[in-house]
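Understanding the architecture of this molecule
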Amino acid sequence: MSKTALITGVTGQDGAYLSEYLLKKGYIVHGIKRRASMFNTDRIDHIYQDPHLEQRNFILHYGDMTDSMNITRIVQEVQPDEIYNLAAMSHVKVSFDTPEYTANADGIGTLRLLEAVRLLGLANKSRVYQASTSELFGLVQEVPQKETTPFYPRSPYGVAKMYAYWITVNYREAYHIHASNGILFNHESPIRGETFLTRKVTRALSRIAMGVQDKLFVGNLSGHRDWGHAKDYIRAMFLIVQQDEPSDYVIATGVTTTIRDFIKKAAAEIGLEIGFRGEGTEEKGYIVSVDEKRFTELVGNEYLEGIKNKISSKTNIVGVDKAYFRPTEVDMLIGDATKARTRLGWEPRYDLAALITDMMQGDVKLVKKEVYLKKGDFYTPNYFE
Ligand code: NAP
Ligand code: F7E
């Protein structure tokens, strides 16, 4: 018989990849999506099933992590074998603007879900995966970070996720729920939200290359992140839930890179060499040279002249805007996933170079579509942050 999974945050990056993955494994997948004033199911459109079909294995429910009755009712209706709690206000910078909401959705939301499992008598049936985060390590107390590294969160998001982490551990110990935390380091993809650093960079570089954007503004260029591919990380989520015993696992690549280097590597992917000059808010990035063959192959010959102009005029294409600084920053993340490698047999298949290739290819393609529509005089939104 097919297993049934319930995914909160099904419309997000990880929710979309996990849904696809579980459907391929023969699961019946239920997802919770929020009501929005526009369609918000772009990432799952390719697996969406018409509600009028009689036999469906992908079913969406309206819901919200801030609504206990809604969460409890959905868990009761679905009677899931596995619950993946991926829903969250997941943007660290925005959590400083919406701290109470973040605590409610990300922290108490997790409690609501666990309490639903307990109250409905599903403690022995429904396994729970909690989307924990490397943001728990914040002001890092150890390098690299592993399961035993003390937590020191640095944002309302990190603090809310810390509550969610411990309430998951507590419900495991108190009520013997098979509940586990995946302490996932940053993971990205071509469908990453456009306001996270990596996607903001790959999208902006593609647009700059094709002349539809002049400049990329970022915040702190010196932070380090351990970036992996979301496709690898949702495999880890699945493996964690399949273990006989629940436990908490760090999932990371073990390689850390600065934001500045990420920008350079992403640009190099399409043949652009970027150099940085200046310091602090005066630091600026320029195109120093172009690999004409690579650029022409991947972006297009028609845009080469524009790039050469930017080089000769020393046009600055990356700038720092302190609006993107955070009141407290997480400077250095690098994970040690030895426990996951040994116990789960998990290994990432993508390294940073492969991740960047995938993301740049995705965004170059999207910007080509944008340019095509603009040329045809059709409206295309700018979507600036
Ligand atoms: P994401 O793309 O931002 O997706 C978040 C999902 O949660 C979206 O479906 C969003 O719905 C939904 N959501 C937000 N608030 C909600 C609420 N109050 N009620 C119900 N749904 C709500 O995030 P992601 O990158 O896929 O990450 C998945 C989970 O892993 C999150 O919990 C995140 O905090 C955590 N995490 C992510 C990373 C990473 O690097 N990606 C690393 C560690 C942990 P809308 O589509 O309507 O906005
Ligand atoms: O920032 C710096 C920023 O917003 C990465 C979430 O998925 O991963 C994510 O959180 C770094 C930070 O991710 C800009 O200051 C510079 O140092 O892409 P990010 P994050 O904050 O690491 C963790 C693991 C999660 O759990 C979260 O849910 O890049 N940075 N300039 C910038 N960041 C953004 N967003 N935008 C900038 O312009």
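Residues numbered from 1 in each chain as written. Chains lettered and ligands numbered in written order. Predicted model: local features only at pLDDT ≥ 70, side-chain atom pairs only at ≥ 80, totals over all residues. Heavy atoms only, no water.

As a further point, take the overall build of the chain. Broken down by element type, the chain carries 12 helices and 15 strands. Radius of gyration (C-alpha) of the chain: 22 Å, near the 21 Å computed for a compact globule of 385 residues. In terms of overall dimensions, the chain has C-alpha extents of about 70 × 50 × 40 Å along its principal axes. Intrachain contacts of the chain at a sequence separation of at least 6 include 76% that bridge at least 24 residues. Within the structure as shown, the chain displays about 17800 Å² of accessible surface, and the carbon and sulfur contribution to it stands at 51%. Of note, the chain has its 48 positive side-chain charges centred 2 Å away from the centre of its 49 negative side-chain charges. (Helix = DSSP H or I, 4+ residues; strand = E, 2+ residues; numbered from the N terminus. Rg over C-alpha atoms; globule rule 2.2 N^0.38 Å. Contact = heavy atoms within 4.5 Å. Areas by Shrake-Rupley, 256 points an atom, 1.4 Å probe, with all protein chains shown as cover. Lys, Arg positive; Asp, Glu negative; His and termini not counted. Charge placed at Lys NZ, Arg CZ, Asp CG, Glu CD.)

Most peptide bonds adopt trans geometry, and most residues besides glycine take a negative phi value. Looking along the chain, the bond that leaves Val143 and enters Pro144 is cis, with omega of -10 degrees. Counting through the fold element by element, Pro144 comes out in the loop between β5 (127-133) and α5 (156-175). Within the chain, Lys314 stands out as a residue other than glycine whose phi angle is a positive 50 degrees. Within the secondary structure, Lys314 is located in the loop between α10 (304-312) and β15 (316-320). A positive phi is found at Tyr383, a non-glycine position, where the angle reads about 50 degrees. Along the chain, Tyr383 turns up in the segment after α12 (352-375). Exposure remark for Tyr383: the relative accessible area of 63% places this residue in the exposed category. (Buried < 20%, exposed > 50% of the residue type's maximum accessible area, 1.4 Å probe, protein only.)

This brings us to the site of ligand 1. Surrounding ligand 1, one finds 25 residues, the nearest of these being Thr11, Arg34, Ser90, Tyr101 and Tyr157. In this structure, Ala88 approaches ligand 1 through a main-chain N or O atom, which is 3.2 Å from an oxygen atom. Tyr157 is positioned with one of its side-chain polar atoms (N or O) 2.5 Å from an oxygen atom of ligand 1. With the chains in place, 89% of the 900 Å² that ligand 1 exposes on its own is no longer accessible. Broken down by element, the residue count for the shell around ligand 1 peaks at three residues, all from β5. (Near = heavy atom within 4 Å. Polar contact = N/O pair within 3.5 Å; in protein donor to acceptor, adjacent residues only side chain to side chain.)

Applying the stated criterion across every chain yields a total of 21 salt bridges. Lys3 is the salt-bridge partner of Glu82, the closest N and O atoms lying 3.5 Å from each other. Here Lys3 lies in the segment before β1 (4-8) and Glu82 lies in strand β4 (residues 82-85), a separation of 79 residues in the sequence. A residue is classified by how much of its surface remains accessible, and Glu82, at 2% relative accessible area, is buried. Exposure remark for Lys3: the relative accessible area of 37% places this residue in the partly exposed category. (Salt bridge = Lys/Arg side-chain N within 4 Å of Asp/Glu carboxyl O.)

Turning next to the site of ligand 2. Residues in contact with ligand 2 amount to 23 residues; listed here are only the nearest, Ser90, Thr133, Tyr157, Arg326 and Glu329. Here an oxygen atom of ligand 2 and a backbone polar atom of Ser90 are 2.7 Å apart. Between a nitrogen atom of ligand 2 and a main-chain N or O atom of Thr195, the distance comes to 2.9 Å. For ligand 2, whose free accessible area comes to 690 Å², the fraction covered by protein is 96%. Of the residues that constitute the shell around ligand 2, the class distribution is nine nonpolar, eight polar and six charged. (Nonpolar A, V, L, I, M, F, W, Y, C, P; charged D, E, K, R; others polar.)

Structural remark: α-helix, 3.6 residues per turn; residues separated by three or four positions point the same way. Between its first and last C-alpha atoms α5 spans 28 Å; for 20 residues at 1.5 Å apiece the expected length is 28 Å, and the two agree. Along α5, the positions that sit buried rather than exposed are Tyr157, Gly158, Ala160, Lys161, Ala164, Tyr165, Ile167, Thr168, Val169, Tyr171 and Arg172. Buried residues belonging to α5 abut α3 (92-97), α4 (99-119), β5 and β6 (179-184). Looking at the residues trailing α5, positive phi occurs at His176, about 55 degrees. (Expected span 1.5 Å × (residues − 1).)

Take the sheet that holds strand β3 (residues 58-62) next. In spatial order, the strands read β3-β2-β1-β4-β5-β6-β11; together these seven strands make up an open sheet with parallel pairing. The two strands at the open ends of the sheet, each matched to only one other strand, are β3 and β11 (249-251). Pairwise comparison of adjacent strand axes, ignoring direction, gives a mean angle of 20 degrees for this sheet. Helix α1 (residues 13-24) rests against β1, β2 (28-33), β3 and β4 of the sheet, and its axis sits at about 175 degrees to β1. (Pairing = 2+ DSSP bridges. Axes fitted to C-alpha atoms, helices over the stretch in contact; angles between N-to-C directions.)

What follows concerns the packing of aromatic side chains. Counted by the stated rule, this structure contains 11 aromatic pairs. An angle of 35 degrees between the planes, with centres 5.9 Å apart, marks the rings of Phe137 and Phe185 as tilted. On the criterion of sequence distance, the pair formed by Phe137 in the loop between β5 and α5 and Phe185 in the loop between β6 and β7 (187-188) is long-range, its members being 48 residues apart. By relative accessible area, Phe137 is classed as buried at 0%. (Phe/Tyr/Trp six-rings, centres within 6.5 Å; stacked < 30°, edge-to-face > 60°.)

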